[in-house]
Amino acid sequence: MRVMKFGGTSVGSVEALRSVKQIVEATTTQVIVVVSALSGVTNRLVEMTRLATAHDTSYEAMLPELVERHRAIIEAVVPRESQGSCMRVVNTFINESLSSSLGLLAANDTLAPEMAEAAADAIVSHGEVLSSAIVACMLPRCKPHFAPAFIHTTDDAEGRIVDWADTERLVLKEFKGDLTRVHVTQGFIAADSRSGVKTTLGRGGSDYTAAILAAILDAEALEIWTDVDGFYDKDPRANPDAKLLPQMTYEQAQALCDAGAKVIYPPTIAPVAQRGIPVWVKNTFNPGAPGTRIGPIPSDSQVISD
Ligand code: ASP
Ligand code: MG
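Residues numbered from 1 in each chain as written. Chains lettered and ligands numbered in written order. Predicted model: local features only at pLDDT ≥ 70, side-chain atom pairs only at ≥ 80, totals over all residues. Heavy atoms only, no water.

K.L.:
Looking at this structure, how should I read the sheet that holds strand S7 (residues 189-192)?
P.N.:
Either a parallel or an antiparallel arrangement is found when strands of a sheet pair, and the pairing is made through backbone hydrogen bonds. Strand order in the open sheet formed by four strands is S5-S4-S7-S8, with mixed pairing between adjacent strands. The open sheet is flanked by strand S5 (159-162) and strand S8 (198-200), the only strands paired with a single partner. Averaged over all neighbouring strand pairs, the angle between strand axes comes to 50°, with direction disregarded. Bridge count between S7 and S8: three bridges; the pairing is antiparallel. (Pairing = 2+ DSSP bridges. Helix = DSSP H or I, 4+ residues; strand = E, 2+ residues; numbered from the N terminus. Axes fitted to C-alpha atoms, helices over the stretch in contact; angles between N-to-C directions.)

Spelled out as structure tokens, the structure:
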């Protein structure tokens, strides 16, 4: 089994989603597809949260734009016979669930900080719920899952962390022994293990969701599908002579992520490194490119020097 995570740009356009479908359909093993929100959508949801908190109802005008963004994609990538049901899901999530969470913030001056935080998390989590609904409607015979049912968080002195014991138990219950070939779930979104209230793994956290699943289910590989060919030795936008790194160790990848390389969310590396699961960074827009492999270095190949 492999876990394939598709980021915001990989699910953010018709062209990208067509490529996602081909990539998933070309696999021969069991896969868990983990998706981010459509590119830009989480930022919009954060902005809507800000407006609602300030009792500025101009967020209401942003709801139809959100429906339209998802509708245009559904019309292009979802089989015709499923478009109606997929659109009903999108409409319900935006016009009922999202709209009422925003309304709660907008109408209340005196929300306790925990309530306001819970409302904000519930609002931003809609991005992944919507994108995963589209991807699940697009992929024939896949099984959709709801990540907050099995990715659980708790709070320690430093803030929110993954509740590993609870998450491990729930992930095994959700996936172990299920032979469905293609599973689809959301990155980023979770729930508090005690209260069940929606939480998130932090901005960029979809990679982490995928790593958690790969580690607990002992996946043969974690694939991070993004919009660049892999890791480079220098920032390729600023340095035209930057070279793609075909492989690197977990330590090298961790160091680059910690230094601000935007390719992978930093907490992603540790869970897969502990279990020696290889990570591939691949380009949805150039799937034939070899990408970067992170992991134990095969003995017959050369290690990149530090
Ligand atoms: N959609 C979330 C974000 O924009 C999570 C992710 O994309 O990894 O931060
Ligand atoms: Mg990302």
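The rest of the description comes next.
K.L.:
Hey, could you run me through the pattern of salt bridges in this one?
P.N.:
It is possible for side chains of opposite charge to pair when their charged atoms get near one another. Taken as a whole, this structure holds 14 salt bridges when the rule is applied. In this structure, the salt-bridge partner of Arg 2 is Glu 220, at a minimum N-O distance of 3.1 Å. Taken together, the positions of Arg 2 in strand S1 (residues 2-6) and Glu 220 in the loop between helix H8 (206-216) and strand S9 (221-226) put the pair 218 residues apart, joining distant regions of the chain. Relative accessible area serves as the criterion here: at 39%, Glu 220 is assigned to the partly exposed category. Two residues, Arg 237 and Asp 235, come together in a salt bridge whose shortest N-O distance is 3.2 Å. Of the residues examined, Arg 237 reaches a relative accessible area of 73% and is grouped as exposed. One salt-bridge network, held together by shared partners, links Arg 2, Glu 220 and Glu 223. (Salt bridge = Lys/Arg side-chain N within 4 Å of Asp/Glu carboxyl O. Buried < 20%, exposed > 50% of the residue type's maximum accessible area, 1.4 Å probe, protein only.)

K.L.:
Is there a simple way to think about the packing of helix H1 (residues 14-25) against helix H6 (residues 126-138) in this case?
P.N.:
Any two packed helices are characterised by the angle at which their axes cross and by the distance between the axes. Running from amino to carboxyl end, H1 crosses H6 at an angle of 55°, the nearest separation of the two axes being 11 Å. Classified by the angle between their axes, H1 and H6 sit oblique to one another. As for the relative orientation of H1 and H6, their crossing is right-handed in sense. Judged by residue contacts, Leu 17, Val 20 and Lys 21 of H1 engage Ile 134, Val 135 and Met 138 from H6. Taken together, the residues that form the contact of H1 with H6 break down as five nonpolar, no polar and one charged. (Parallel < 35°, antiparallel > 145°, perpendicular 65-115°, else oblique. Left-handed = near helix turned anticlockwise from the far one by under 90°. Contact = heavy atoms within 4.5 Å. Nonpolar A, V, L, I, M, F, W, Y, C, P; charged D, E, K, R; others polar.)

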